[in-house]
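Chain and residue survey
Take a look at the letters that make up each chain.
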Amino acid sequence: MPARKQYTPVTAAIDVEAAFKLLEGRWKLLILFHLFGGQVRRFSDLQRLIPGITQKMLTQQLRRLEEDGIVKRTDHHEVPPRVDYRLTDWGQTLCPVLDAILEWAERRDEFEFTEPASRARDRGTGRETS
């Protein structure tokens, strides 16, 4: 296994942003969650499992996930045509990553959130805050 890349704060932020772009889009995460665990799904199965997605949008999202190496498309060259989708080995490694994000989000209530004093002060002056 090659040595892990060494990051600076800037290169880490750039690479994490690039990784998030791979998952960007309203439907990609839903598609992924339906394919985790080695699931193999036909196009029609995914369309049925994801209410509200159009055929065009499902096609676009699957193509993008395939181009990015996350999903594998298999055309069985049958009549009637049969195409199915599954995660690549690399795509399957997203499962524990997304589970960790879910766990992180669930823990939010364990931490006390207070508004920074500088933001509270700025609100009173009418200055714009971020």
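Values in this document were obtained by computation on a predicted structure and should not be read as measured data.

Taken as a whole, this structure holds 1 aromatic pair when the rule is applied. With a centroid separation of 5.3 Å and an interplanar angle of 85°, the aromatic rings of Phe 33 and Phe 36 are classed as edge-to-face. For Phe 33, a relative accessible area of 40% corresponds to the partly exposed category.

Take the environment of Val 71 next. Considering the arrangement of structural elements, one finds Val 71 in strand E2 (residues 71-75). A relative accessible area of 2% places Val 71 in the buried class. Along the sequence, Val 71 and Asp 89 sit 18 residues apart, while their C-alpha atoms lie 8.9 Å from each other. Sequence-distant contacts of Val 71, defined by excluding residues within four places in its chain, comprise Leu 35, Leu 62, Leu 65, Glu 66, Tyr 85, Arg 86, Leu 87 and Thr 88.

Its place among the elements puts Arg 41 in strand E1 (residues 41-42). It is Asp 45 that comes nearest to the buried, bridge-free Arg 41 among opposite-charge side chains, at 5.5 Å. One polar contact links Arg 41 to Gln 39, side chain to side chain, over a distance of 3.3 Å.

Moving on to the packing of helix H1 (residues 9-23) against helix H2 (residues 28-35). Where H1 contacts H2, the two axes come as close as 8 Å, and the packing angle between them is 75°. Here H1 lies roughly perpendicular to H2, going by the angle between them. Across from Lys 21, Leu 22 and Leu 23 in H1, the residues of H2 making contact are Lys 28, Leu 29 and Leu 32. For the contact of H1 with H2, the residue count by class is 4 nonpolar, no polar and 2 charged.

The rules behind the values
Residues numbered from 1 in each chain as written. Predicted model: local features only at pLDDT ≥ 70, side-chain atom pairs only at ≥ 80, totals over all residues. Heavy atoms only, no water. Phe/Tyr/Trp six-rings, centres within 6.5 Å; stacked < 30°, edge-to-face > 60°. Buried < 20%, exposed > 50% of the residue type's maximum accessible area, 1.4 Å probe, protein only. Helix = DSSP H or I, 4+ residues; strand = E, 2+ residues; numbered from the N terminus. Contact = heavy atoms within 4.5 Å. Lys, Arg positive; Asp, Glu negative; His and termini not counted. Salt bridge = Lys/Arg side-chain N within 4 Å of Asp/Glu carboxyl O. Polar contact = N/O pair within 3.5 Å; in protein donor to acceptor, adjacent residues only side chain to side chain. Axes fitted to C-alpha atoms, helices over the stretch in contact; angles between N-to-C directions. Parallel < 35°, antiparallel > 145°, perpendicular 65-115°, else oblique. Nonpolar A, V, L, I, M, F, W, Y, C, P; charged D, E, K, R; others polar.

These values are about where atoms sit, not about what they do.
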